[in-house]
Amino acid sequence: MANPLLREDVFRSHGTAEVMTVSGTINKSIILWLLLFVSAVFSWMHPHITVPLIFPLILGGFVLAMISIFKKTSSPFLSPIYAIVEGLILGAISLLFEKMYPGIVINAVFLTIAVLFCMLAAYKTGLLKATPRFKKGVIIATFAILVVYIINLFMNIFAGTSFPYLHDSSLLGIGVSLFIVTIASLNLIIDFDLIEQGARHGAPKYMEWFGAFALMVTLIWLYLEILRLLAKLRN
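This is a predicted model, so every value here is computed, not measured.

### Some points on the nonpolar core
Part 1 of the argument: Counting residues in hydrophobic clusters, the biggest one holds 62 residues, and the most contacted among them are Tyr82, Ile104, Leu188 and Leu222.
Part 2 of the argument: Going through the elements one at a time, helix 1 (22-45), helix 3 (54-70), helix 4 (75-100), helix 5 (104-124), helix 6 (132-159), helix 7 (171-201) and helix 8 (207-234) are the ones with two or more residues in this core.
Part 3 of the argument: The leading source of residues in this core is helix 8, at 18 residues.
Part 4 of the argument: Each residue touching Ile104, except ones within four places of it in the same chain, is listed here: Phe97, Glu98, Leu227, Leu230, Ala231 and Arg234.

### Some words on the packing of aromatic side chains
Part 1 of the argument: Enumeration according to the criterion identifies 3 aromatic pairs in this entry.
Part 2 of the argument: For the ring pair Tyr82 and Phe213, a centre distance of 5.1 Å and an interplane angle of 75 degrees mean the geometry is edge-to-face. Of the two residues, Tyr82 sits in helix 4 while Phe213 sits in helix 8, which places them 131 residues apart along the sequence. We note that Tyr82, like Phe213, is buried.
Part 3 of the argument: Ring centres of Phe210 and Phe213 lie 5.9 Å apart, and the angle between their planes is 45 degrees; this geometry places the pair in the tilted category. In this pair, Phe210 and Phe213 are both assigned in helix 8, 3 residues apart and thus about one turn of the helix distant.
Part 4 of the argument: On the basis of relative accessible area, Phe213 is assigned to the buried category, the value being 1%.
Part 5 of the argument: Aromatic rings pair up to connect Tyr82, Phe210 and Phe213 into one cluster.

### Comments concerning a nonpolar patch on the surface
Part 1 of the argument: A surface patch of nonpolar side chains, amounting to about 710 Å² of accessible area, comprises Phe143, Leu146, Ile150, Leu153, Phe154, Ile157 and Phe158.
Part 2 of the argument: Note on placement: Leu146 falls in helix 6.
Part 3 of the argument: Relative accessible area serves as the criterion here: at 33%, Leu146 is assigned to the partly exposed category.

### Some thoughts on the environment of Lys28
Part 1 of the argument: By the element assignment, Lys28 lies in helix 1.
Part 2 of the argument: For the pair Lys28 and Glu208, spaced 180 residues apart in sequence, the C-alpha to C-alpha distance is 6.7 Å.
Part 3 of the argument: In this view, Lys28 contacts Glu208, Trp209 and Ala212; residues no more than four positions away in its chain are not counted.

### A word on the packing of helix 5 against helix 8
Part 1 of the argument: With their axes 9 Å apart at the nearest point, helix 5 and helix 8 run at an angle of 130 degrees to one another. When the axes of helix 5 and helix 8 are compared, the pair comes out oblique. In the packing of helix 5 onto helix 8, the handedness of the crossing is right-handed. Along the contact surface, helix 5 presents Ile104, Val105, Asn107, Ala108, Val109, Leu111, Thr112, Val115 and Leu116, while helix 8 presents Leu219, Leu222, Tyr223, Ile226, Leu227, Leu230, Ala231 and Arg234.
Part 2 of the argument: Across the contact of helix 5 with helix 8, the residue classes break down as 14 nonpolar, 2 polar and 1 charged.

Calculation criteria
Residues numbered from 1 in each chain as written. Predicted model: local features only at pLDDT ≥ 70, side-chain atom pairs only at ≥ 80, totals over all residues. Heavy atoms only, no water. Core = buried A, V, L, I, M, F, W, Y, C linked by side-chain atoms within 4.5 Å. Buried < 20%, exposed > 50% of the residue type's maximum accessible area, 1.4 Å probe, protein only. Helix = DSSP H or I, 4+ residues; strand = E, 2+ residues; numbered from the N terminus. Contact = heavy atoms within 4.5 Å. Phe/Tyr/Trp six-rings, centres within 6.5 Å; stacked < 30°, edge-to-face > 60°. Patch = residues over 30% accessible without salt bridge, like charges linked within 9 Å, V, L, I, M, F, W, Y side chains within 5 Å. Areas by Shrake-Rupley, 256 points an atom, 1.4 Å probe, with all protein chains shown as cover. Salt bridge = Lys/Arg side-chain N within 4 Å of Asp/Glu carboxyl O. Axes fitted to C-alpha atoms, helices over the stretch in contact; angles between N-to-C directions. Parallel < 35°, antiparallel > 145°, perpendicular 65-115°, else oblique. Left-handed = near helix turned anticlockwise from the far one by under 90°. Nonpolar A, V, L, I, M, F, W, Y, C, P; charged D, E, K, R; others polar.

In structure tokens:
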């Protein structure tokens, strides 16, 4: 979930010679997505290597994300590694979904891209604006979802159960997934706004990598939730 990663204070000017730009952030995003794509293809083609390592990879991705969040100057070095690790994870997970629901992955990819461009268009045209009230509502909803995820994880580990509506294909379960996809999508509006603020206020150059990393976090979350939603609809 990206928005908590992009607090406004991280974009304040530090008087550095090289400063953050929107085009620079886009270029960094392209690099990260190329790395993710290559590692995802490898994982897809070699599941016997990546599937047994899925939980260590998830843990490694989480650790890399936490370091990048709390030590943003490390983003130029850790973001590419994070992209590779997440690619390995997504390749393995996507393959599992594809085996259960043929054709689901390409649909999830295209829907994620469509949502990205729709949110960008809505932001650029002013249809959706990252006002303080908008940001507060989206971030509160994002953290609420995160809390549910954490509780669900502990329920799985210690009780062997989970929140039914996160996984079942009932109308309520589909509604829950639609809500989560909506919140993930709205996170993109805040990401776009804060990246523009960084460029406007002359944030240090390394923040381009951090901005690209944060966008990747949001889009990975969005893709996985769309994948889950499509799987529910297939059922």
